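Fold and contact review
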Amino acid sequence: MSTIINRRDLDFLMYETLGLDSILATERYQDYDREAIAAILDLAQSVAEEQFQPFAGHLDENEPKYVDGKVEIIPEVKQALAAYRDAGLFLTGYDQDLGGMQLPWVVHQALNGMFVTANTGVSSYAFLTQGVANMLHACGSEPLKAKYLPKLVEGEWFGTMCLSEPQAGSSLADIRTKAEKQPDGSYRITGTKMWISGGDHEMTDNIIHMVLAKVPGGPAGVKGISLFLVPKHRVNDDGTIGDNNNIALAGLNHKMGHRGTTNCLLNFGESGDTIGYLVGEENQGLANMFHMMNEARIGVGAAATVIGLGGYLYSLDYARNRPQGRHLTNKDPNTPMVMISEHADVKRMLLTQKAYVEGAQALILYSAKLLDEQKLATTDAERTRAALLLDLLTPICKSWPSEFCLEANKLAIQILGGYGYTREYPVERYYRDNRLNHIHEGTHAIHGLDILGRKVRMHDGAALKALAEEIQQSLTAAQSHPELGDYCQQLAAALSKVEATLGAIGKAPDMTLALANATAFLDAMGHVVIAWMWLKQAQAALDGLAKSGAHDQPFYHGKLAACKFFFKYELPTAIAKFDLVAELDDTFVQMADTQFIGS
């Protein structure tokens, strides 16, 4: 069995749960049918398993090095990215007018997940480059796009995003990088950026940095942030590589995971002029950067999901083939041992992983479908509704998998026992890689503040209303299956809890108290959404059972078992968290710094 993808589950989610066939029937995606999609996924799986996966452990143990001012990376990384590019896989997410394949975003998301599972450190270079290209296409001027976009789309040049600074961290209002306008319309960039994934290496002729900076005289705080395209090497008017752009690599950060991706401290303008080019308008940088950040946030959640999937598939295969112990009712040491997959607690851990990972995968692909629906919308109302849903779900897409698929990785280690935390097996690496997703693209707390402080209230609650309507549609559809009646009641009650909790928060005397338990609200909202995803899967499984042969029945029964588990063991925890949030408890708020260990 593959340990990077479950193709049967992927087909189930795309076609039976989310109805990808209806998207393929549209004019925009008329070049594709199930057979064509399967062939593309086959190609991606072969490249991922043959070119990415074999050296993942070796790369983890031989991370990039800082030598004489440059980055040294083992050669397999460049070879793998070349194989990805030669297979045309850089092109999957772009429209045909950019030279892309114009695949449905659902398929693009699923396809690239295989590379994250196979070798997280290498996949990041492609992921970042695609994000930079999409943002430049959305926000850049025609001259900038003409000069830089083709090389990014083709994967000939790579890209990064440069937001954080050593003194600012997540507080972008406090960045100090400066951009001074020059007579020719370009800008001289000076400052330091930190935590730049893919920030420097020798694997490509050029690296295109998207840099947040402030133009002197602009508004204070985030309102004064602008966005600039800053190439590692300047580009001549004919498209050839020009002079070095004086971006100095000050050093590498060494993380516990994603160790194959360079992570850099970069100094701009330290040894000469660093020239950048405005993307969009001055003082609109944060809004423009969000084109990439929101894509990246969903991408982080997608990565967390498939890294959890990798641990689940590996620990499942291990459990099926590892003999140890006997059934509790058998005390005879002379009888054969059973596979550990027969033990109740191992089944618990495997089912928990399945519920987390496959629930998260459904959410990620559902969100990808919303992007497709935006592109296919024929009215402004349809387009706005899809955008609202996606905006509300983005912090959940990023944060819920980062929390609970990490838990899945922890359980994978536990199933392997002592072997699980040794480097001879990949599950400890999966855990380390996934732990970073809790922080990538905004910490868990930031997304809690985002969803509770802004997303559920934006446009007079229009996004939350749209989500409630979507869930209600699923509840109505599920009523055709009496077996799902109890789940429908639970989910309806949980949805009512959301509304009651928000009503209680609205009575808080100040914002500090209202948002004190925003992280608990985020987790609870995530559980409600994942329960919804499991209800959709359960309905699809029951429909599948009614027309399936004996071969497919275990698959569908497994879906129903995972749904039962989530509603019985997980959804009740969300109710408890909503109650806690609604209490407006001030335990954290009242805690004084000196009380932690004394003065």
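The rules behind each value
Residues numbered from 1 in each chain as written. Predicted model: local features only at pLDDT ≥ 70, side-chain atom pairs only at ≥ 80, totals over all residues. Heavy atoms only, no water. Helix = DSSP H or I, 4+ residues; strand = E, 2+ residues; numbered from the N terminus. Contact = heavy atoms within 4.5 Å. Expected span 1.5 Å × (residues − 1). Buried < 20%, exposed > 50% of the residue type's maximum accessible area, 1.4 Å probe, protein only. Core = buried A, V, L, I, M, F, W, Y, C linked by side-chain atoms within 4.5 Å. Salt bridge = Lys/Arg side-chain N within 4 Å of Asp/Glu carboxyl O. Polar contact = N/O pair within 3.5 Å; in protein donor to acceptor, adjacent residues only side chain to side chain. Bend = angle between axes of the 7 residues up to and from the residue. UniProt positions renumbered as here; feature names shortened; annotations may be inferred. Axes fitted to C-alpha atoms, helices over the stretch in contact; angles between N-to-C directions. Parallel < 35°, antiparallel > 145°, perpendicular 65-115°, else oblique. Left-handed = near helix turned anticlockwise from the far one by under 90°.

1. Some details on the environment of Met293
Inspection of the secondary structure puts Met293 in helix 9 (residues 285-321). Taking the C-alpha atoms as reference points, Met293 and His209, 84 residues apart in sequence, are found 14 Å from one another. If we skip the residues at most four places from it in the chain, Met293 touches Met161, Leu163 and Glu441.

2. Some points on helix 5 (residues 75-86)
In this model, helix 5 (12 residues) spans 17 Å end to end at C-alpha, consistent with the 16 Å of a helix rising 1.5 Å per residue. All of the buried residues in helix 5 are Val77, Ala80, Leu81, Ala82, Ala83 and Tyr84. Positioned one or two residues after helix 5, Gly88 has a phi angle of 80°, which is positive.

3. A closer look at the environment of Pro231
As for its position among the elements, Pro231 is in strand 7 (residues 225-231). On the basis of relative accessible area, Pro231 is assigned to the buried category, the value being 0%. As for Pro231 and Tyr277, which are separated by 46 residues in sequence, their C-alpha atoms are 9.2 Å apart. With near-sequence residues (within four places) excluded, Pro231 lies in contact with Tyr148, Asn206, Ile207, Ile208, Asn245, Ile247, Ile275 and Tyr277.

4. Focus on the nonpolar core
Judged by nonpolar contacts, the single largest core of 166 residues is most densely connected at Met14, Val77 and Phe521. Ranked by residues supplied to this core, first place goes to helix 17 (residues 518-547) with 19 residues. Ignoring any residue separated from it by four or fewer positions in sequence, one finds Val77 in contact with Phe55, Leu59, Val122, Tyr125 and Met203.

5. Some remarks on the pattern of salt bridges
For the structure on display, the rule yields 30 salt bridges. With its nearest N and O atoms 3.0 Å apart, the salt bridge here joins Arg383 to Asp380. Placement of both Arg383 and Asp380 in helix 11 (residues 380-416) is noted, with a separation of three residues, approximately one turn of the helix. What makes Asp380 exposed here is its relative accessible area of 58%. In this structure, Lys497 engages Asp579 in a salt bridge whose closest nitrogen and oxygen atoms are separated by 2.4 Å.

6. Comments concerning the side chain of Gln130
Topologically, Gln130 is positioned in helix 7 (residues 120-139). For Gln130, a relative accessible area of 6% puts it in the buried group. One polar contact links Gln130 to Tyr84, side chain to side chain, over a distance of 3.2 Å. Sequence-distant contacts of Gln130, that is, excluding residues within four places in its chain, are made with Tyr84, Leu89, Phe90, Tyr94, His108, Asn112 and Glu295.

7. What to know about helix 18 (residues 553-582)
Compared with an ideal rise of 1.5 Å per residue, which puts 30 residues at 44 Å, helix 18 spans 43 Å between its outermost C-alpha atoms and is within 8% of the ideal. The axis of helix 18 is deflected most strongly, by about 35°, at Phe567. Count one or two residues on from helix 18 and you reach Leu584, which has phi positive near 55°.

8. Points about the UniProt feature "domain: Acyl-CoA oxidase/dehydrogenase middle" (unreviewed entry) in the chain
The UniProt record marks residues 161-268 with the feature "domain: Acyl-CoA oxidase/dehydrogenase middle" (unreviewed entry), using the residue numbering of this structure. As annotated, residues 161-268 has a helix share of 0% and a strand share of 47%, and its two end C-alpha atoms lie 14 Å apart.

9. Let's talk about the packing of helix 1 (residues 7-17) against helix 10 (residues 344-376)
Helix 10 packs onto helix 1 with a crossing angle of 45° between their chain directions and a minimal axis gap of 10 Å. For the element pair helix 1 / helix 10, the angle class is oblique. When the axes of helix 1 and helix 10 are compared, the crossing they make is right-handed. Mapping the contact onto sequence places Asp9, Leu10, Leu13 and Met14 in helix 1 and Glu358, Gln361, Ala362 and Leu365 in helix 10.

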